[in-house]
Amino acid sequence: MNPFDIDEDAVDRARARVAENITDLIGGTPLVRLRSIDHDLPGVEIWAKCEFMNPGGSVKDRPARQMIEDAIKSGALSRQREIIDSSSGNTGIAYSLIGGALGYKVTLVLPGNVSWTRKKISDAFGTNLVFSSPLEGSDGAIRLCRDMVEADPERYFYPNQYGNEANPKAHTLTTAPEIWEQTHGRVTHFVAGIGTSGTVMGTGRGLRAKNPAIEVWAVEPDDALHGREGLKHMASSLVPEIYHVGELTGVIPMPTDEAWDVCDRLSQEEGLLVGHSSGGNVAGALRIGRRLVEQKKPGVIVTVFPDRADRYFEAPI
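So, how was this worked out
Residues numbered from 1 in each chain as written. Predicted model: local features only at pLDDT ≥ 70, side-chain atom pairs only at ≥ 80, totals over all residues. Heavy atoms only, no water. Helix = DSSP H or I, 4+ residues; strand = E, 2+ residues; numbered from the N terminus. Buried < 20%, exposed > 50% of the residue type's maximum accessible area, 1.4 Å probe, protein only. Contact = heavy atoms within 4.5 Å. Areas by Shrake-Rupley, 256 points an atom, 1.4 Å probe, with all protein chains shown as cover. Lys, Arg positive; Asp, Glu negative; His and termini not counted. Charge placed at Lys NZ, Arg CZ, Asp CG, Glu CD. Pairing = 2+ DSSP bridges. Axes fitted to C-alpha atoms, helices over the stretch in contact; angles between N-to-C directions. Phe/Tyr/Trp six-rings, centres within 6.5 Å; stacked < 30°, edge-to-face > 60°. Lys NZ or Arg CZ within 6 Å of the ring centre and 35° of its normal.

(A) Spatial organisation of the overall build of the chain. Per the secondary structure count, the chain includes nine helices and 10 strands. For the C-alpha atoms alone, the extent of the chain along its principal axes is close to 60 × 55 × 45 Å. Sorting the 317 residues of the chain into buried and exposed places 52% on the buried side. Pairs at least 24 residues apart make up 72% of the contacts formed inside the chain by residues separated by at least 6 positions. Summed over all atoms, the accessible surface of the chain reaches about 14400 Å², with 53% contributed by carbon and sulfur. Across the chain, the centroid of the 34 positively charged side chains sits 3 Å from that of the 43 negatively charged ones.

The following block contains the structure:
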């Protein structure tokens, strides 16, 4: 083959990614097989959706775009109002990117202990940052955000990612059909962590609309003091209004150490440097895979990489 021959497949892929606006590049993320991770699970495949390849760097680009687009269409968001929401970081970055692209001001309420990297990224977009007590986690940010909206309702548009059905809707409309097509309809299980719960609820609905037999599993920290940004231990947290446990096959309590260990395996065995929530998701997929092997059943398990590990890097002191 001539080294200067044109790769027509590469040209077609490039044409498919031409966009008028950065928000048009949200979604359409690749699916990757975790061959080292599922090596000892005969008959079981584990795949992960690379959501860190969204333009804002995380899975939260999808719901943020859907919530803002729906609000613009309904008239709830006008040029005279400012977008405000609480976030542990990734949704805030997505709001910041989309606000910048569409010309809307953004205020974020973040826990004071959110990673340095996330603070710097949001600040670089020109976002106004307000910090809640680090001791109260994401719930403290939610409460402070609600207080700010109540004090000045005409100033702010509050998407409320924890209670806005456009959040899971984004995954029903985009993430689920992408997974279905990418696995050629072979997916048998979907696994995702619980933050707002939008990913697991919305993707689960979309996949079950294609095949009601698909199992949908949520992964949550097994303890209130879990130390993983963006994830909720439901028994000790404000439960998101969009979370409906009855729609799930089950919930997998995940120890922090197990999630971190799998995260290390992903970087060292798969070349995937992803965040700790990704490690927890794959650890949950592994548990399901081992159970399937014990039952001598095949399976195609799909999970999500919400973001990259560099979102959690801290500046040197």
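(B) Local environment of the sheet that holds strand β2 (residues 44–50). A sheet is described by the order of its strands in space; here six strands give the open sequence β1-β2-β10-β7-β8-β9, paired in mixed fashion. The sheet is open, and its two borders are formed by β1 (31–33) and β9 (250–254), each paired with just one other strand. Ignoring strand direction, the axes of neighbouring strands in this sheet form an average angle of 25°. Bridge analysis of strand β8 (residues 215–221) against β9 gives five bridges, and the strand direction is parallel. By the bridge assignment for β9, V219 is matched with I252.

(C) Geometry of unusual backbone geometry. Unusually for a residue other than glycine, N160 sits at a positive phi of about 55°. Classification of N160 as buried rests on a relative accessible area of 13%. One non-glycine residue, H184, lies in the positive phi region at around 55°. With respect to the helices and strands, H184 occurs in the loop between α6 (166–182) and β7 (189–193).

(D) Representation of the packing of aromatic side chains. Using the criterion set out here, one finds one aromatic pair in the structure. Relative to F305, the ring of F52 has its centre 6.4 Å away and its plane inclined at 20°; by these criteria the two rings are stacked. With F52 in the loop between β2 and α2 (61–74) and F305 in strand β10 (residues 299–305), this pair connects stretches of sequence that are 253 residues apart. A cation over a ring is seen here: R79 above Y104, with NZ or CZ 4.3 Å from the ring centre. It is K119 that lies over the ring of F131; its NZ or CZ is 5.2 Å from the centre.

(E) Structural detail: the sheet that holds strand β5 (residues 128–132). Strand order across the open sheet formed by four strands is β5-β4-β3-β6, with parallel pairing between neighbours. With one partner strand each, in any of the chains shown, β5 and β6 (156–157) form the two edges of the open sheet. Judged from the five bridges that link them, strand β4 (residues 106–111) and β5 form a sheet pairing that is parallel. By the bridge assignment, P111 is partnered in β5 with S132.

(F) Looking closely at the pairing of strand β3 (residues 82–86). Across the five residues that make up β3, a large majority, five, are buried. Here β3 shows two buried faces, one formed by E82, I84 and S86 and the other by I83 and D85. When β3 meets β6, the two strands line up parallel, connected through two bridges. Its bridge partner lying in β6, I83 is registered against F157.

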